[in-house]
Amino acid sequence: MSDARIAEHMPLLTHEWDRQAVTEFVAAKEAYWLRDGLGHWAILCDDSYVGWGGFQKEGDEWDYGLVLKPACFGLGARISRKAIEFAVADARIPFVTFLLPPSRKNLGGLVRFGARFVEMTEYDGAEFLKYRLDTK
């Protein structure tokens, strides 16, 4: 998360990414698991950590996010395809939202998944492009 290539597309990452920030971040993500029974996963490829991502409930919506180590950026479509298959099979998730910063310009893969643009929206003081993918 401290890599500039990652921070460039994470407008909510406005603080130093130190041990305390990591501790608070992990605690917050684990709280979603306790509250909702689902949250983000550590993602492995060939037994090596490549990033984190998954579903986080925001109100009545399940938002999907994925953050990969820069050396693993090419795995995003494959990982997201697996995550969407998970969402389709999970009765709790009738649709998935994606909040992307306006700095993200290559959205063709998202559209190929079947997601459609909904609106520009604000989240925690930052602007995001909001997309939705129906899973049912």
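Scroll up to find the structure this text is about.
Source: prediction; values computed, not measured.

**Here's the deal with the packing of aromatic side chains**
All told, the structure shown has 8 aromatic pairs when counted by the stated rule. Seen from their ring centres, F55 and Y64 are 5.3 Å apart, and the 45° between their planes marks the pair as tilted. Exposure remark for Y64: the relative accessible area of 7% places this residue in the buried category. Ring geometry for F55 and F86: centres 6.1 Å apart, planes at 20°, overall stacked. One end of the pair, F55, is in strand β2 (residues 48–58); the other, F86, is in helix α3 (residues 76–89), and 31 residues separate them in sequence. Feature note: the residues W41, F55, Y64, F86 and F98 constitute an aromatic cluster, connected by ring pairs.

**Some details on the nonpolar core**
One broad trend across soluble globular proteins is that nonpolar side chains are buried collectively. One finds F55, F98 and Y131 to be the most contacted residues of the largest nonpolar core, which totals 23 residues. Going through the elements one at a time, β2, β3 (61–68), α3, β4 (95–100) and β6 (126–134) are the ones with two or more residues in this core. Top element by residues in this core is α3. It accounts for 4 residues. Not counting chain neighbours up to four residues away, the residues in contact with Y131 comprise V96, T97, F98, L100, L107, L110, A115, R116, F117 and V118.

**Considering helix α2 (residues 19–36)**
Along its 18 residues, α2 runs 26 Å from first to last C-alpha, staying within 8% of the 26 Å computed at 1.5 Å per residue. Among the residues making up α2, those that are buried are A21, K29, Y32 and D36. For α2, the arc enclosing every buried residue in end-on projection is 60°, short of the 170-degree limit, so these residues lie on one face. Opposite the buried face of α2, at more than 90 degrees from it, the exposed residues are R19, E30 and L34. Residues of α2 that are buried in the fold lie against β1 (40–45), β2 and β3. Immediately beyond the C-terminal end of α2, within one or two residues, lies G37, with a positive phi of roughly 75°.

**A look at the pattern of salt bridges**
The full count for this structure, using the stated rule, is 4 salt bridges. Across the salt bridge formed by D36 and R35, the nearest N and O atoms sit 2.7 Å from each other. On the accessibility criterion, D36 (16% relative accessible area) is buried. A salt bridge links E61 to K130; its shortest N-O distance comes to 2.9 Å. In this pair, E61 is assigned in strand β3 and K130 in strand β6, connecting sequence segments 69 residues apart. Look at E61 and you get partly exposed, because its relative accessible area is 23%. Classification of K130 by relative accessible area gives buried; the value is 13%.

**As for the state of the cysteines**
On inspection of all chains with the given rule, the structure shows 0 disulfides. Note on C45: no disulfide assigned, nearest cysteine sulfur contributed by C72 at a separation of 7.3 Å. Classification of C72 by relative accessible area gives buried; the value is 13%.

Cut-offs and rules
Residues numbered from 1 in each chain as written. Predicted model: local features only at pLDDT ≥ 70, side-chain atom pairs only at ≥ 80, totals over all residues. Heavy atoms only, no water. Phe/Tyr/Trp six-rings, centres within 6.5 Å; stacked < 30°, edge-to-face > 60°. Buried < 20%, exposed > 50% of the residue type's maximum accessible area, 1.4 Å probe, protein only. Helix = DSSP H or I, 4+ residues; strand = E, 2+ residues; numbered from the N terminus. Core = buried A, V, L, I, M, F, W, Y, C linked by side-chain atoms within 4.5 Å. Contact = heavy atoms within 4.5 Å. Expected span 1.5 Å × (residues − 1). Arc of directions from axis to C-beta. Salt bridge = Lys/Arg side-chain N within 4 Å of Asp/Glu carboxyl O. Disulfide = S-S within 2.5 Å.

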